[in-house]
Amino acid sequence: MVRAIEWIDAAADSHIRLIDQTRLPSEEVYLEVTSIDLLIDAIQRLAVRGAPALGAAGGYGVALALLEAEREGWDADRLTAAIDAVANARPTAVNLAWGAKRVAGFRAEGFARTLAEAHAIATEDEAANRELSRLGADWLLARIGDRPLRAVTHCNTGALATTAWGTAYGILHELHTRGKLELVYVDETRPLLQGSRLTSWELHQDGIPHLVEVDGAASSTILRGLVDFAVIGADRITANGDTANKVGSVALALACARAGIPFVVAAPYSTVDEDTATGEEIEIEERGDEEVLAFGGVSVATPGVRAFNPAFDVTPHDIISAIVTERGVTEPSVAAQPLFAAGSGQ
Ligand code: MRU
């Protein structure tokens, strides 16, 4: 299994290693990230991406900041500013700030303790993903029927988007392992093509049958009865179950509601933001015009035209059939509110 993010222990220059996801699938290039500036650049360019992988980047970023502070003679304020800059490098996925904050809480105990906490985030994420994958597969087979299923998914939620295994992707993998997955429709995921470049690459490696479709096809694929369910990951799930994920996700949810088939959100509990009441409060990242107005470096729009490029959308909880975390499956349209009250678990 490919590792999106790893800590490399080296005598003189311990650092973070990332697979550069902007170069996949044509090239497998690794980035050796030795400074906070390089890490922030990698996060903002989406060389490392996906909420759980960003959680690990936030955690390892604190360890990296401590090393850089010692090397460069930073004072405490400069170190705090560096950690905050990592935490705020992208606004929507709650995991990034969560990971940085969790590890920064051990900063006073020194480098070894902060690094141990960052490793704990990675270990826990893999365990959570494996557990939620089993729970999600069980729920789907119980709800739809114990037979090979056809799915649609959006964006990339596999090992590349996490520290290992995957979330929505993990459920698909689990169904495949059980002989209960017939076919996956993969939305290409404009404008940065996480579906066609990354999810298809992972599905191919795992030998899972799939077709890549343009994002605009997805709602019709659902309404024509070509799939039995949709499953996506999440960047932030608020206390009432509203879910931010890659732009285009809400179209799948609306179509599933109309078609009467399950729309499932899968995420580790670290993606649940108990402190934010509803999706209206989520900051949606807006990215540069060039991502929309050019394709493969070639302009595809009228010169001078502007773009609207929100990277995420919010699916209201009442059209989500199930939210699956490692703690269990909750059905937002019927469960008591708030779904995720502070400290309550599920
Ligand atoms: O902009 P990205 O590629 O970081 O967006 C990623 C997504 O929207 C994923 O679906 C989400 O983070 C879940 S990853 C398990």
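Analysis parameters
- Residues numbered from 1 in each chain as written.
- Predicted model: local features only at pLDDT ≥ 70, side-chain atom pairs only at ≥ 80, totals over all residues.
- Heavy atoms only, no water.
- Near = heavy atom within 4 Å.
- Polar contact = N/O pair within 3.5 Å; in protein donor to acceptor, adjacent residues only side chain to side chain.
- Areas by Shrake-Rupley, 256 points an atom, 1.4 Å probe, with all protein chains shown as cover.
- Helix = DSSP H or I, 4+ residues; strand = E, 2+ residues; numbered from the N terminus.
- Nonpolar A, V, L, I, M, F, W, Y, C, P; charged D, E, K, R; others polar.
- Pairing = 2+ DSSP bridges.
- Axes fitted to C-alpha atoms, helices over the stretch in contact; angles between N-to-C directions.
- Contact = heavy atoms within 4.5 Å.
- Salt bridge = Lys/Arg side-chain N within 4 Å of Asp/Glu carboxyl O.
- Buried < 20%, exposed > 50% of the residue type's maximum accessible area, 1.4 Å probe, protein only.
- Core = buried A, V, L, I, M, F, W, Y, C linked by side-chain atoms within 4.5 Å.
- Domains from an automatic or database assignment.
- Buried area = accessible area lost by both parts, 1.4 Å probe.
- Phe/Tyr/Trp six-rings, centres within 6.5 Å; stacked < 30°, edge-to-face > 60°.
- Parallel < 35°, antiparallel > 145°, perpendicular 65-115°, else oblique.

**Digging into the site of the ligand**
- Every one of the 19 residues lining the ligand counts as a neighbour, but Arg49, Arg90, Asp235, Asn245 and Lys246 are closest to it.
- Contacts to the ligand include Gln194, whose side-chain N or O atom sits 2.9 Å from an oxygen atom.
- A distance of 2.7 Å separates an oxygen atom of the ligand from a polar side-chain atom of Asn245.
- In isolation the ligand has 420 Å² of accessible area, and contact with the protein removes 99% of it.
- Put simply, the parts of the chain that give the shell around the ligand at least two residues each are helix 2 (51-72) and strand 9 (243-246).
- Within the shell around the ligand, the residues separate by chemical class into 7 nonpolar, 8 polar and 4 charged.

**Notes on the sheet that holds strand 15 (residues 322-325)**
- Judged by pairing direction, the sheet is mixed, and its 7 strands sit side by side in the order 6-5-4-7-10-15-16 without closing on themselves. Edge positions in the open sheet fall to strand 6 (210-213) and strand 16 (328-330), since each of these has one partner strand only. Averaged over neighbouring strand pairs, the angle between their axes works out to 25 degrees when direction is ignored.
- Of the pairings in the sheet, the one linking strand 7 (residues 229-232) to strand 10 (residues 263-266) comprises 3 bridges and is parallel in character. Looking across to strand 10, one finds that Ala230 is bridged to Phe263.
- Against the sheet, helix 5 (residues 111-144) engages strand 4 (149-153), strand 7, strand 10, strand 15 and strand 16, with an angle of about 150 degrees to strand 15.

**A closer look at the pattern of salt bridges**
- Counted under the stated rule, the structure contains 22 salt bridges.
- Among the salt bridges present, the one from Glu32 reaches Arg17, with a minimum N-O distance of 2.9 Å. One end of the pair, Glu32, is in strand 3 (residues 30-33); the other, Arg17, is in strand 2 (residues 15-19), and 15 residues separate them in sequence.
- A relative accessible area of 36% means that Glu32 is categorised as partly exposed.
- Of the charged contacts, one joins Arg71 and Glu72 as a salt bridge, the two residues approaching to 3.7 Å between their closest N and O atoms.
- Here Glu72 falls in the partly exposed class, since its relative accessible area comes to 49%.

**A short note on the nonpolar core**
- Formed by 39 residues in total, the largest nonpolar core has its most connected members in Ile16, Ile36, Ile43 and Tyr60.
- Only strand 1 (5-8), strand 2, helix 1 (36-44), helix 2, helix 3 (76-87), helix 4 (94-104) and helix 5 provide two or more residues apiece to this core.
- Ranked by residues supplied to this core, first place goes to helix 2 with 12 residues.
- When neighbours within four sequence positions are excluded, Ile43 is seen to be in contact with Val48, Leu54, Ala57, Val86, Ala89, Arg90 and Leu96.
- Grouped together as the second largest cluster of nonpolar side chains are 25 residues, Tyr185, Ile232, Ile261 and Ala267 included.

**Observations concerning the domain arrangement of the chain**
- Domain annotation of the chain identifies domain 1 (5-124) and domain 2 (135-330).
- Inter-centroid distance (C-alpha atoms) of domain 1 to domain 2 is 26 Å.
- When the two sides are added together, the surface that domain 1 and domain 2 hide from each other amounts to roughly 2,100 Å², 55% of it contributed by carbon and sulfur.
- For the interface between domain 1 and domain 2, the tally reads 15 residue pairs in polar contact (both at pLDDT 80 or more).
- For the side of domain 1 that touches domain 2, the elements supplying multiple residues, two or more each, are helix 2 and helix 4.
- When the residues that make up the side of domain 1 that touches domain 2 are grouped by side-chain class, the tally is 13 nonpolar, 6 polar and 3 charged.

**Focus: the sheet that holds strand 9**
- As summarised here, the arrangement of the 4 strands in space is 11-8-9-14, forming an open sheet in which the pairing is mixed. What marks the edges here is a single partner per strand, and that holds for strand 11 (272-273) and strand 14 (312-315).
- Sheet topology places strand 8 (residues 236-238) next to strand 9; 2 bridges connect them, and they run antiparallel. Bridged to Ile237 within strand 9 is Thr243.
- Where helix 9 (residues 249-259) meets the sheet, its contacts fall on strand 9 and strand 14, and the angle it forms with strand 14 comes to roughly 30 degrees.

**Examining the packing of aromatic side chains**
- Following the criterion strictly, the structure yields 3 aromatic pairs and no others.
- Pairing Trp7 with Tyr60 gives two aromatic rings, centres 5.9 Å apart and planes at 20 degrees, and the pair type is stacked. With a gap of 53 residues between them, Trp7 in strand 1 and Tyr60 in helix 2 connect regions that are remote in the sequence. For the residue pair Trp7 and Tyr60, the accessibility class agrees, reading buried in each case.
- Measuring from ring centre to ring centre gives 6.1 Å for Trp7 and Phe111, while their planes differ by 45 degrees; the resulting arrangement is tilted.

**Some points on the packing of helix 2 against helix 5**
- Packing of helix 2 against helix 5 leaves a shortest axis separation of 9 Å and a crossing angle of 170 degrees. Comparing their axes, helix 5 and helix 2 come out roughly antiparallel. Contacts from Pro52, Gly55, Ala56, Gly59, Tyr60, Ala63, Leu66 and Leu67 of helix 2 reach helix 5 at Phe111, Thr114, Leu115, Ala118, His119, Ile121, Ala122 and Asp125.
- When the residues that make up the contact of helix 2 with helix 5 are grouped by side-chain class, the tally is 11 nonpolar, 4 polar and 1 charged.

**Looking at the side chain of Glu117**
- In this fold, Glu117 is placed in helix 5.
- For Glu117, a relative accessible area of 10% gives the class buried.
- Excluding anything up to four places from it in sequence, Glu117 contacts Arg102, Val103 and Phe106.

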